[in-house]
Amino acid sequence: MKNNKKFKIYPIIAPSALSLKSINFYLVKRDESLTLVDAGMNDDVCWNALQQTLKENGFTVGDITGILLTHHHGDHIGLVNRITELHPIPVYAHSKSVPRLKREPDFLNMRIEFYKQLYLEMGCGKLGDKQVAYLFNAVDNNKDQKLNCDIIAITGKQWLNFDVIEFPGHAPDQIAFLDRKEKRLFSGDLLIEHISSNALIEPDENGNRMLTLVDHIDSLKRCLALQVNLLLPGHGNIMKQPGPLIEKRLNSIERKSQKILSLIESGISTGNELAKELYKQKYISEFPLVMSEIIGHLDYLEYQGKVKKQLIEYVVYYQTK
Ligand SMILES: [Zn+2]
């Protein structure tokens, strides 16, 4: 069936004090439907921003017909409970989002075990133990982040008149929604104009480590090939013709990879030592992000056959080939 109907997009831009600059989510009107793409943070700033955009355009929360989620992160799903408790509407996400959004105990425990093993392998010592303890406490502390509504898994390549495109890397469940006619893409956190989006290390549903940086690079390349006119990101400015920025990001990933390779060549051989050397103070203040970055690059280098590894008493040592 030919799709000639137009989508009308109403961006909701909530300011953020963090380096994210803003939390963006979008109302999309088409015929009788009013879809919310992502749902901000669970706070009054996002709630008020949603209310204001609704009001300015003559809508109320009761007019929203469904919620589409780009990925499971807290700054994209925050208002789902608040909206669906007032007004029960279907919520759609990638099937991989479901155990994360429902905070399924088996999944969360498996994830903690995964990081425990990972930080041990990378030689992280005390900071690794501290992060694992944090994750363990977060099971209880973040209980209220669980989504209470049913989540419908998106299947197939089309949903609510959007083309659905998988872009794993930043998150394993990340998907983007394309308005094919106008070449406008709701892209989650695939590409952010003012900061580079992290490929975060995560286990798959079986507890195996995913090659998140390899996935992220592939996602960026596929996004580049789409040649979209407008990219509607989860944070920061909306971007016209994002091609040059995607190329810039791909180049900077290659440069960093090269830098890590030369550190390994110089004899620094564990994930932990590489992280300390490359990130200095940030290694302590942003430990999980920094380790994600380093491990992503180590996996990428191994995937390309540039490094080999050796396990000695639970710790993995990297060497150039
Ligand atoms: Zn995210």
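Residues numbered from 1 in each chain as written. Predicted model: local features only at pLDDT ≥ 70, side-chain atom pairs only at ≥ 80, totals over all residues. Heavy atoms only, no water.

## Looking at the overall build of the protein chain
Per the secondary structure count, the protein chain includes eleven helices and 14 strands. Over its C-alpha trace the protein chain gives a radius of gyration of 20 Å, about what one expects of a compact globule, namely 20 Å for 321 residues. Taking the principal axes of its C-alpha atoms as reference, the protein chain extends roughly 60 × 45 × 35 Å. Here the protein chain holds 321 residues, and 52% of them are scored as buried. Here the analysis covers contacts within the protein chain between residues at least 6 apart in sequence; of these, 65% occur between residues at least 24 apart. (Helix = DSSP H or I, 4+ residues; strand = E, 2+ residues; numbered from the N terminus. Rg over C-alpha atoms; globule rule 2.2 N^0.38 Å. Buried < 20%, exposed > 50% of the residue type's maximum accessible area, 1.4 Å probe, protein only. Contact = heavy atoms within 4.5 Å.)

## Points about the domain arrangement of the protein chain
What the domain assignment lists for the protein chain is domain 1 (8-102 + 147-241) and domain 2 (119-140 + 254-320). On a C-alpha basis, the centroid separation for the pair domain 1 and domain 2 is 29 Å. Facing ten residues of domain 1, the contacting portion of domain 2 comprises 13 residues. A combined buried area of about 960 Å² lies between domain 1 and domain 2, and 61% of that area is made up of carbon and sulfur atoms. Between domain 1 and domain 2 we count two salt bridges in total. (Domains from an automatic or database assignment. Buried area = accessible area lost by both parts, 1.4 Å probe. Salt bridge = Lys/Arg side-chain N within 4 Å of Asp/Glu carboxyl O.)

## A closer look at the pairing of strand β14 (residues 315-320)
Direction of pairing for strand β13 (residues 307-312) relative to β14: antiparallel, over a ladder of six bridges. Across the sheet, Gln310 pairs through a bridge with Tyr317, a residue of β14. Hairpin connection between β13 and β14: a loop of two residues separates the two successive antiparallel strands, and Glu313 in this loop has a positive phi of roughly 45 degrees. (Pairing = 2+ DSSP bridges.)

## Regarding the pairing of strand β1 (residues 8-15)
On any regular strand, side chains alternate: one points to one face of the sheet, the next to the other face. Two strands pair when backbone bridges link them, and β1 and strand β2 (residues 22-30) are joined in this way by eight bridges, in the antiparallel orientation. When the bridges of β2 are listed, Lys8 appears paired with Lys29.

## Here's the deal with the nonpolar core
Core analysis: the largest hydrophobic core is formed by 32 residues, its most contacted members being Leu36, Leu50, Leu69, Val80 and Ile83. Looking at this core, the elements with two or more residues in it are β1, β2, β3 (33-37), α1 (44-56), α3 (80-86), β5 (91-93) and α4 (97-101). If you tally residues by element for this core, the top one is α1, at five residues. Apart from the residues lying within four places of it in its own chain, the contact partners of Leu69 are Asp38, Ala39, His76, Ile77, Val80, Val91, Tyr92, Ala93, Leu101, Leu147, Ile175 and Phe177. Judged by nonpolar contacts, the second largest core, of 30 residues, contains Tyr119, Leu127, Ile295 and Leu301. (Core = buried A, V, L, I, M, F, W, Y, C linked by side-chain atoms within 4.5 Å.)

## Structural notes on empty space enclosed by the protein
To find the voids left in a structure, one rolls a probe of water-molecule size over its atoms. Counted according to the given criterion, the structure contains one cavity of 30 Å³ or more. In this structure, the largest cavity occupies an estimated 30 Å³ of space. Of all the secondary-structure elements, those providing two or more residues to the lining of the largest cavity are β2, β10 (184-188) and β11 (230-233). Among the elements that take part in the lining of the largest cavity, β10 stands out by supplying three residues, more than any other. (1 Å grid on protein atoms, 1.4 Å probe; cavity = no way out; pocket = protein on both sides within 12 Å on 5 of 7 lines; lining within 4 Å. Points joined across faces, edges and corners; volume = space filled by probe spheres on them.)

## Some details on the coordination of the zinc ion
The protein atoms donating to the zinc ion are His71 (NE2), His73 (ND1), His170 (NE2) and Asp189 (OD), with metal-donor distances spanning 2.1 to 2.4 Å. Written as a sequence motif, the donor residues of the zinc ion are H-x1-H-x96-H-x18-D. Taken together, the positions of His73 in the loop between β4 (66-68) and α2 (74-77) and His170 in the loop between β8 (162-166) and β9 (175-179) put the pair 97 residues apart, joining distant regions of the chain. In this structure His73 comes out as buried when scored by relative accessible area, which is 15%. (Donors = N, O, S within 2.8 Å, 3.2 Å for Na, K, Ca; no water.)

## Regarding the pattern of salt bridges
By the definition in use, this model includes 15 salt bridges. Between Lys280 and Glu277 there is a salt bridge whose closest N-O contact spans 3.7 Å. The class for Lys280 is exposed, based on a relative accessible area of 52%. Residue classification places Glu277 among the partly exposed positions, given a relative accessible area of 37%.

## Looking at the packing of aromatic side chains
Summed over the entire model, instances satisfying the criterion amount to ten aromatic pairs. When the centroid spacing of 5.6 Å and the interplanar angle of 75 degrees are considered together, the rings of Tyr10 and Phe59 count as edge-to-face. With Tyr10 in strand β1 and Phe59 in the loop between α1 and β4, this pair connects stretches of sequence that are 49 residues apart. Like Tyr10, the residue Phe59 is buried in the burial classification. Among the aromatic residues, those joined into a ring-pair cluster are Phe7, Tyr26, Phe162, Phe177 and Phe186. (Phe/Tyr/Trp six-rings, centres within 6.5 Å; stacked < 30°, edge-to-face > 60°.)

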